[in-house]
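The chain contents come next:
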Amino acid sequence: RSKYRMLKLRLTDGVDFICGFERTPVPNLSIFSTPGTKILVKAGAQFRSGQLLLSSTNAEALGGRVQSLDHNYSLEKFLRSTIDDEEDDDEEGQEQGQAG
């Protein structure tokens, strides 16, 4: 785990959406947090140029998930589809090379 990271988050209250940036690591938040993770934004969070600036002092990931989001946007599903696409491309390239 690197001490240098910045996560960009799409946050919603169920109606409106805003973009949030993690300036310093927020406890319990990582790239492996499930979609729908609840984030407690505390007093003192700055909002600049339409962006919420999050840090360990003004935010905390509480956990949770939204099953429909988890199913549709899971990291595992994304990685599998990417790997499958690359394998399909490799197989097509080999078949075309043998045909020619």
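Our subject is the structure that appears above.
Residues numbered from 1 in each chain as written. Predicted model: local features only at pLDDT ≥ 70, side-chain atom pairs only at ≥ 80, totals over all residues. Heavy atoms only, no water.

## What to know about the overall build of the chain
For step 1, the next point in the chain: Summing up its helical and strand segments, the chain has two helices and six strands in all.
For step 2, the next point in the chain: Taken from the N to the C terminus, the helices and strands of the chain come in the order β-β-β-β-β-β-α-α.
For step 3, the next point in the chain: Counting over 100 residues, the chain shows a buried share of 18%.
For step 4, the next point in the chain: Accessible surface computed for the chain: about 7,800 Å², of which carbon and sulfur atoms make up 52%. (Helix = DSSP H or I, 4+ residues; strand = E, 2+ residues; numbered from the N terminus. Buried < 20%, exposed > 50% of the residue type's maximum accessible area, 1.4 Å probe, protein only. Areas by Shrake-Rupley, 256 points an atom, 1.4 Å probe, with all protein chains shown as cover.)

## Considerations on the pairing of strand β1 (residues 8–12)
For step 1, the next point in the chain: What you see with β1 is a clean split: L9 and L11 sit on the buried side and K8, R10 and T12 on the side with no burial.
For step 2, the next point in the chain: Note: β1 against strand β2 (residues 17–22), five bridges, orientation antiparallel. Looking at the pairing, R10 lines up with C19 of β2.
For step 3, the next point in the chain: Between the antiparallel neighbours β1 and β2 lie four residues, among them G14 with a positive phi of about 100 degrees. (Pairing = 2+ DSSP bridges.)

## Observations regarding the side chain of N58
For step 1, the next point in the chain: Inspection of the secondary structure puts N58 in the loop between β5 (51–54) and β6 (59–63).
For step 2, the next point in the chain: Reaching out from N58, the side chain makes a polar contact with the backbone nitrogen of S55 at a distance of 2.8 Å.
For step 3, the next point in the chain: Each residue touching N58, except ones within four places of it in the same chain, is listed here: L40, V41, K42, A43, G44, A45, Q46 and L53. (Polar contact = N/O pair within 3.5 Å; in protein donor to acceptor, adjacent residues only side chain to side chain. Contact = heavy atoms within 4.5 Å.)

## Remarks on the environment of I18
For step 1, the next point in the chain: You can see I18 is positioned in strand β2.
For step 2, the next point in the chain: Separated by 34 residues in sequence, I18 and L52 place their C-alpha atoms 7.4 Å apart.
For step 3, the next point in the chain: When sequence neighbours within four positions are dropped, the list of residues in contact with I18 reads L9, R10, L11, F47 and L52.

## Considerations on the nonpolar core
For step 1, the next point in the chain: If you look at the biggest cluster of nonpolar residues, it comprises nine residues: L7, L9, L11, V26, L29, L52, L54, A59 and A61.
For step 2, the next point in the chain: Elements supplying a minimum of two residues to this core: β1, β5 and β6.
For step 3, the next point in the chain: Non-local contacts of A61, meaning those with residues more than four positions away in its chain, are made with V26, P27, N28, L29, T37, K38 and I39. (Core = buried A, V, L, I, M, F, W, Y, C linked by side-chain atoms within 4.5 Å.)

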